[in-house]
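Structure at a glance
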Amino acid sequence: MKKLFLILPVLCILLVAGLLYRELPHPVQLDNGAQLTWTECWFKTDWKQPTFCGYLTVSAQPKHAAKPTRLPVVWFKRSLWQWWRTPSPVLFLNGGPGGSAWLTADGIAMWRDWQQHYTQDQRDLIVYDQRGVGLSQPAIACPEFSASAMANLDRDLSGKQELNLLQTALQQCYQRLQADNIDLSAFNTPNNTQDVGDLMASIGGQQWNLYGVSYGTRLALSILRTYPEYIRSTVLDSVYPPEKNAILAPPLLFDSALTRLFKSCEQHQACRETFPDLPTAFLEALGQLATQPLSTVVPVGETSELTPIVITQARFLYILFQSLYSRELIGDLPRMIESVRHAESDALVIPAAIFVEMLTDDSFSDAVNLSVDCADSDKQVTEADFLAQLSTAQQQNPNLASFFAAQWQHRPCAIWPVADSGADFRQPVSSDIPSLFLAGAYDPVTPPNWTKETAARFSQSYFFLFDDIGHGVLGSQACADRLMIHFLANPTEKPVDECLKLPLEIEFNVDVAYSIDDEHGH
């Protein structure tokens, strides 16, 4: 009986603590006008892992908006059994710009898994949609763009013809959004930074851990510069620094990614023996497509509906570029190139299907992507600046010249006018805050040297390059996952793990159905 009397108070304390732990937070109104209110979640929750849902009404409101801009926020509390801990939370900053955070009911399980894996369920995870995307209000999109791209997939169009059609679609989208009184100049990184400042101030605490991937790293760097007092640590995965210009970068990005691929194949015995001169095969593949585009069908969507597509020179380059994002597809790239050189399309079916699904991905906002990148980039760059970049790139890959020359003539920022984020925003960021930097050697859009250059300006930086990864290291490389777990536990010490001793390289697929010497491909 005495034991029961001793146990009952403890149980009561645990019960009260558990109830308080699950209690919905109070709404917060900041002096700058931002407001965070909490509401019933729009998805099923688990009592063992309390989850709070709400909306942040931002302080930096667009002009002439019919309704205020509100951002959905989901606060995944650590497990109920960890209620007594008070560790610093992790704030996830999504990529793009224009990518949603998948806060619909279908995406919530993914975030619970993410929290369990990377924080060992001992830290709160806070995820939100950036303005204009996902469940944010208002969300903006350019269905005209994807509709135009899909409508013309089965046509043999030159790169210029296709860009003309896509440019017309973007013009239509811009005019429609303007007619709807959408202030597109409100979508930029400085405003996104203010939104995060409002969110952190509303929830409270000055020991936040930021994780950013791709564009999320540009946002994280801006937050570090603006709100350093809030931040405990940052994990920056595939860095997109503010000083890098999205208008100028494409030729050198594509060239460096292809050069890396060709060099890796040459250094890999099986790849070298199967594809002895990959750069030449690449040029011949482009030449083949110039005179004889490939026609095929690819499965798209949940129903795997067969969609016809004509693989032109330009589309082949887009498919190659997109494939460099994926660890699984990088190893297939030499086979894809050789396949096209032999006028065969089988090796292109999966990467082409992924390319088509990207065009129809309604979780990504082209309108936000253009608004942010065009605001953040220095629009004073000239055609001479671009051609100088192109001249350097085409020394390695001369057939890319016409492709990128057309890109300049059809650059979307010329038809998507928005206010400039300013020269101060585009200054490189330095910091003393402990930061983990992750880069993939094959990354075609945020090359590893961007990550390394940024890390060099941090006094407490830990840089890791992974030789078997493209864009977005975390989740693609188990060793990087382990490093992040170690880093979050103690950001002031360089993370160390046995996995760093393991050799990392791409396993190239050398299973081809034809002889390299057989010009007919049989």
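All values derive from a computational prediction rather than experimental measurement. (Residues numbered from 1 in each chain as written. Predicted model: local features only at pLDDT ≥ 70, side-chain atom pairs only at ≥ 80, totals over all residues. Heavy atoms only, no water.)

**Concerning the sheet that holds strand 5 (residues 90-93)**
Taken in spatial order, the ten strands of this open sheet run 1-2-3-4-6-5-7-8-11-12, and their pairing is mixed. The strands lining the two open edges of the sheet, one partner per strand, are strand 1 (28-29) and strand 12 (461-466). As judged from the seven bridges shared by strand 3 (residues 51-57) and strand 4 (residues 70-76), these two strands associate in the antiparallel manner. Residue pairing in the sheet places Phe52 in a bridge with Trp75 of strand 4. This element, helix 17 (residues 448-455), spans strand 11 (435-440) and strand 12 of the sheet and lies at about 160° to strand 11. (Pairing = 2+ DSSP bridges. Helix = DSSP H or I, 4+ residues; strand = E, 2+ residues; numbered from the N terminus. Contact = heavy atoms within 4.5 Å. Axes fitted to C-alpha atoms, helices over the stretch in contact; angles between N-to-C directions.)

**A look at the pattern of salt bridges**
Counted according to the given criterion, the structure contains 16 salt bridges. A salt bridge links Asp332 to Arg335; its shortest N-O distance comes to 3.8 Å. On the basis of relative accessible area, Asp332 is assigned to the buried category, the value being 18%. One salt bridge in this structure joins Arg426 and Asp420, with 3.0 Å as the shortest N-O distance. The class of Asp420 is partly exposed, set by a relative accessible area of 39%. (Salt bridge = Lys/Arg side-chain N within 4 Å of Asp/Glu carboxyl O. Buried < 20%, exposed > 50% of the residue type's maximum accessible area, 1.4 Å probe, protein only.)

**Brief notes about the nonpolar core**
In terms of nonpolar packing, the biggest core is built from 113 residues, with Leu91, Phe282, Phe316, Ile337 and Trp416 touching the most fellow members. Residue contributions to this core peak at seven residues, all from helix 7 (residues 250-267). (Core = buried A, V, L, I, M, F, W, Y, C linked by side-chain atoms within 4.5 Å.)

**Re the confidence of the model for the chain**
Predicted coordinates in regions of low pLDDT should not be interpreted in detail. With 91% of its residues at a pLDDT of at least 70, the chain reaches an overall mean of 88. Scored below 50 in pLDDT, residues 10-20 shows three contacts in the model against residues more than four places distant or in partner chains. This model gives residues 515-522 a pLDDT under 50, and the stretch forms 15 contacts once residues within four places in sequence are excluded. (pLDDT = per-residue confidence, 0-100.)

**Quick notes on the state of the cysteines**
Overall, the coordinates contain five disulfides when judged by the stated rule. A sulfur-sulfur separation of 2.0 Å characterises the disulfide bridge that pairs Cys41 with Cys53. When the S-S torsion is 95°, as for the bridge of Cys41 with Cys53, the disulfide is right-handed. Note that Cys41 is positioned in the loop between strand 2 (35-39) and strand 3 and Cys53 in strand 3, a separation of twelve residues in sequence. Judged on exposure class, the residue Cys41 and its partner Cys53 are both buried. Residue Cys142 pairs covalently with Cys173 via a disulfide, S to S 2.0 Å. (Disulfide = S-S within 2.5 Å.)

**Quick look at helix 9 (residues 278-291)**
Residues spaced three or four apart along an α-helix face the same direction, because each turn holds 3.6 residues. Taking 1.5 Å per residue, 14 residues should reach 20 Å; helix 9 reaches 20 Å between its end C-alpha atoms and fits that length. Among all positions in helix 9, only Leu278, Ala281, Phe282, Ala285, Leu286, Gln288 and Leu289 are buried. Axial view of helix 9: buried residues confined to an arc of 160°, hence all on one face. The outward face of helix 9, more than 90 degrees from its buried face, is lined by the exposed residues Ala290 and Thr291. If you follow the buried residues of helix 9, they end up packed against helix 7, strand 9 (294-300), strand 10 (305-311), helix 10 (313-323), helix 12 (333-341) and helix 16 (400-409). (Expected span 1.5 Å × (residues − 1). Arc of directions from axis to C-beta.)

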